[in-house]
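# Chains, contacts and geometry: an overview
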Amino acid sequence: MSTAYLNIGELTTWDEERPVQRDAGLVVSDGRVAWVGDSSATPAADDAVDLAGAAMIPGFVDSHTHLVFAGDRAAEFEARMAGQAYTAGGIRTTVTATRQASDEQLAGLVAARVAELRSQGTTTVEIKSGYGLDVEAEARSLRIAGQFTPETTFLGAHVVPTGWAADDYLALVTGPMLAACAPHARWVDVFCERGAFDADQARTVLRAGMDAGLEPRIHAGQLGFGPGVQLACELGAAAADHCTYLDAADVAALADTGVVAGLLPGVEFSTRHPYPDARRLLAAGVRVALATDCNPGTSYTSSMPFCIALAVRELGMTPLEALHAATQGGAWSLRRDDIGHLRPGARADLVVLNAPSHVHLSYRPGVPLVAGVYSTAR
Ligand code: NIG
Ligand code: FE
């Protein structure tokens, strides 16, 4: 089965020579991009779709979300907007609500969020656990996440839950909890931050996860300067996410090691922290990804276009850099070469915009511009 897309006004493929093409055509065959070129030269296919000048981009790769949760924390957000500071302790509020939800309720909430994110152009999503914080609740979160994506992340080390001493909880996370969760996870993550886990604790968690066959990623530098980025680089993590507070050595280490810096500007929007310095990272040659961090505490948005608009307006990225970070950058973060671009061989995760160019994603913030999502992703 093949489909030819004709008269694509602007096609972003991230091809090295021609990352963005005008008046393009693209052929999909058996779920993969089979051909890209000028519209007028497009080979015949079983089906043809005339895009009448609309822009086509690769589906967004949202490399950082916490979609498995119940309840919300609107009151906390309201208090923050009135001047109160964010603290990691709010996570425990969501843990309580999540534990109380039935399997069906929780799966239904995740399904609704995945549908929401899909309708805004996301075709691959990473989903973390981290609001269960006991063996069964963490394993259940990952089982549910696994119904929606292969990119599942064990985040038992999100925060020490109420009633536990840190050392005892760490032994649980790296012992029975990891054993129950590893079969359902690809990645292991830890919140390395004052108020959550320090460098030694975070290293213990990531090493244990790696020994169990999981690949490491980390929350680092969200609320203040800290050791998380250096730890990510030391362990060869795929990504260090947040990167809001970085010193010069952190930037240099990211550039040297190729660890992807995940920027999550929905968090700064919602916590009133300063936005991360994307220009400094790009200037140093760091690989940058953009993600929603969708969670009820610090960034309750499923919208990659919203994050792109923030990246352009507040992080100083060009619209094209922001789109790159939201697609190819996300794919780097998840160590995937089949998504995030539309070169021949890529999975045919195509997003058509109701607009002539990708610039409209940030030029018209809040306008639903995703006209169609063509994806084989589950
Ligand atoms: O990525 N930083 C840790 N985890 C989330 C916040 C979780 C919460 O407040 O519920 C984040 O921002
Ligand atoms: Fe997060």
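Keep in mind that this is a model prediction, so the values were computed, not measured.

### Let's talk about the coordination of the iron ion (ligand 2)
- Around the iron ion (ligand 2), the protein supplies His64 (NE2), His66 (NE2), His219 (NE2) and Asp293 (OD) as donor atoms, at distances of 2.0 to 2.4 Å.
- In primary sequence terms, the donor set of the iron ion (ligand 2) follows H-x1-H-x152-H-x73-D. Separated by 229 residues along the polypeptide, His64 in the loop between strand 6 (60–62) and helix 1 (74–81) and Asp293 in the loop between strand 15 (288–290) and helix 11 (304–314) bring together distant segments of the chain.
- We classify Asp293 as buried; its relative accessible area is 2%.

### Overview of the nonpolar core
- Among the nonpolar cores identified, the biggest contains 75 residues, and Phe154, Ile218, Leu254, Leu281 and Leu290 are the most heavily contacted of them.
- Two domains each donate at least three residues to this core, and these are domain 1 (2–58 + 341–374) and domain 2 (60–333).
- Not counting residues up to four positions away in its chain, the partners in contact with Leu254 are Val229, Cys233, Ala240, Cys243, Leu246, Val259, Ala261, Leu281 and Val286.
- Counting 16 residues, the second largest nonpolar core, distinct from the first, contains Ile8, Leu51, Leu342 and Val352.

### Overview of the pattern of salt bridges
- The full count for this structure, using the stated rule, is 20 salt bridges.
- Residue Glu151 is joined to Arg186 by a salt bridge in which the shortest nitrogen-to-oxygen separation is 3.0 Å. In this pair, Glu151 sits in the loop between helix 4 (135–145) and strand 9 (152–157) while Arg186 sits in the loop between helix 5 (166–181) and strand 10 (187–192), placing the two residues 35 residues apart along the sequence.
- The network of salt bridges with shared partners includes Glu151, Arg186, Glu215, Arg335, Arg336 and Asp338.

### Overview of the site of ligand 1
- Around ligand 1, the structure places 15 residues, and the nearest of them are Arg73, Tyr86, Tyr131, Gln222 and Thr298.
- Separating an oxygen atom of ligand 1 from a side-chain N or O atom of Tyr86 is a distance of 2.5 Å.
- Expressed as a share of its isolated accessible area of 330 Å², the protein-covered part of ligand 1 is 100%.
- Along the lines of polarity and charge, the residues of the shell around ligand 1 split into 4 nonpolar, 9 polar and 2 charged.

### Focus on the domain arrangement of the protein
- Entries for the protein in the domain assignment read domain 1 (2–58 + 341–374) and domain 2 (60–333).
- If you average the C-alpha positions of domain 1 and of domain 2, the two centres end up 30 Å apart.
- Counting residues at the interface gives 17 residues for domain 1 and 17 residues for domain 2.
- Note on domain 1 versus domain 2: buried area summed over both sides is about 1400 Å², and carbon and sulfur give 74% of it.
- On the domain 1 side of the contact with domain 2, Trp14, Leu361 and Ser362 bury the most area, a combined 38% of that side's loss.
- Joining domain 1 to domain 2, the criterion identifies 3 residue pairs in polar contact (both at pLDDT 80 or more).

### As for helix 7 (residues 228–235)
- Burial analysis of helix 7 places 6 of its 8 residues in the buried class, the great majority of the element.
- What helix 7 keeps buried is the set Gly228, Val229, Leu231, Ala232, Cys233 and Leu235.
- Where helix 7 is buried, its residues contact strand 10, helix 6 (199–211), strand 11 (215–216), strand 12 (218–220), strand 13 (239–242) and helix 8 (248–257).
- The positive-phi residue at the C-terminal boundary of helix 7 is Gly236, with phi of around 70 degrees.

### Focus: the packing of aromatic side chains
- Under the defined criterion, the tally for this structure stands at 6 aromatic pairs.
- Seen from their ring centres, Phe225 and Tyr245 are 5.5 Å apart, and the 70 degrees between their planes marks the pair as edge-to-face. Separated by 20 residues along the polypeptide, Phe225 in the loop between strand 12 and helix 7 and Tyr245 in the loop between strand 13 and helix 8 bring together distant segments of the chain.
- Residues Phe269 and Phe306 carry aromatic rings whose centres are separated by 5.2 Å and whose planes lie at 90 degrees to one another, so their mutual orientation is edge-to-face.

### With respect to the pairing of strand 1 (residues 2–12)
- Burial within strand 1 is extensive, with 9 of its 11 residues counted as buried.
- Here strand 1 runs beside strand 2 (residues 20–29); their pairing, made up of 8 bridges, is antiparallel. Within strand 2, the residue paired with Ser2 across the bridge is Ser29.
- Note: strand 1 against strand 4 (residues 47–50), 4 bridges, orientation parallel. In the sheet register, Leu6 faces strand 4, and the bridge partner there is Asp50.
- As paired elements, strand 1 and strand 5 (residues 55–58) share 2 bridges and run parallel to each other. Residue pairing for strand 5: Leu11 is matched across the bridge by Met56.

Calculation rules
- Along each chain, residues carry numbers from 1 onward, in the same order as the chain's sequence is written.
- Lettering for chains starts from A, numbering for ligands starts from 1, and both go in the order in which the items are written.
- Residue-level local features of this predicted model are given only where pLDDT is at least 70; pairs of side-chain atoms are given and counted only at 80 or more, and the full residue set underlies all totals for whole chains, interfaces and linings.
- Hydrogens and water molecules were not included; the side-chain quantities draw on all heavy atoms of the structure.
- Water is not part of the atom set, so a site may look incomplete; the donors themselves are N, O and S atoms within 2.8 Å of the metal, or 3.2 Å for Na, K and Ca.
- Only runs of H or I of at least four residues qualify as helices and only runs of E of at least two qualify as strands under DSSP, and these elements are numbered from the N terminus.
- Each residue is assigned to one of three classes by its accessible area relative to the maximum for its type, calculated with a 1.4 Å probe on protein chains only: buried under 20%, partly exposed between the two thresholds, exposed over 50%.
- Here, nonpolar core means buried Ala, Val, Leu, Ile, Met, Phe, Trp, Tyr and Cys residues that are tied together by side-chain atoms lying within 4.5 Å of each other.
- In this entry, domain limits derive from an automatic or database-based domain assignment.
- Contacts were defined at the residue level, with two residues in contact if any of their heavy atoms lie within 4.5 Å.
- Salt bridges are defined as contacts in which a side-chain nitrogen from Lys or Arg sits within 4 Å of a carboxyl oxygen from Asp or Glu.
- Nearness of a residue to a molecule or strand requires only that one of the residue's heavy atoms be within 4 Å of it.
- Residues adjacent in sequence count toward polar contacts only when both atoms are side-chain atoms; beyond that, a polar contact is any pair of N or O atoms within 3.5 Å, and within protein one must be able to donate a hydrogen and the other to accept it.
- With residues, only the protein chains shown are counted as cover, and all accessible areas are computed by Shrake-Rupley using a 1.4 Å probe.
- Residues are sorted three ways: Asp, Glu, Lys and Arg are charged, Ala, Val, Leu, Ile, Met, Phe, Trp, Tyr, Cys and Pro are nonpolar, and all the rest, Gly among them, are polar.
- Defined here as a combined quantity, buried area equals the accessible surface (1.4 Å probe) lost by two parts on assembly, summed across both.
- Pairs were defined over the aromatic rings of Phe, Tyr and Trp, the Trp ring being its six-membered one, requiring ring centres within 6.5 Å. Orientation was assigned from the angle between planes: stacked under 30 degrees, edge-to-face over 60, tilted for the rest.
- Being paired, for any two strands, means DSSP has found at least two bridges between them.

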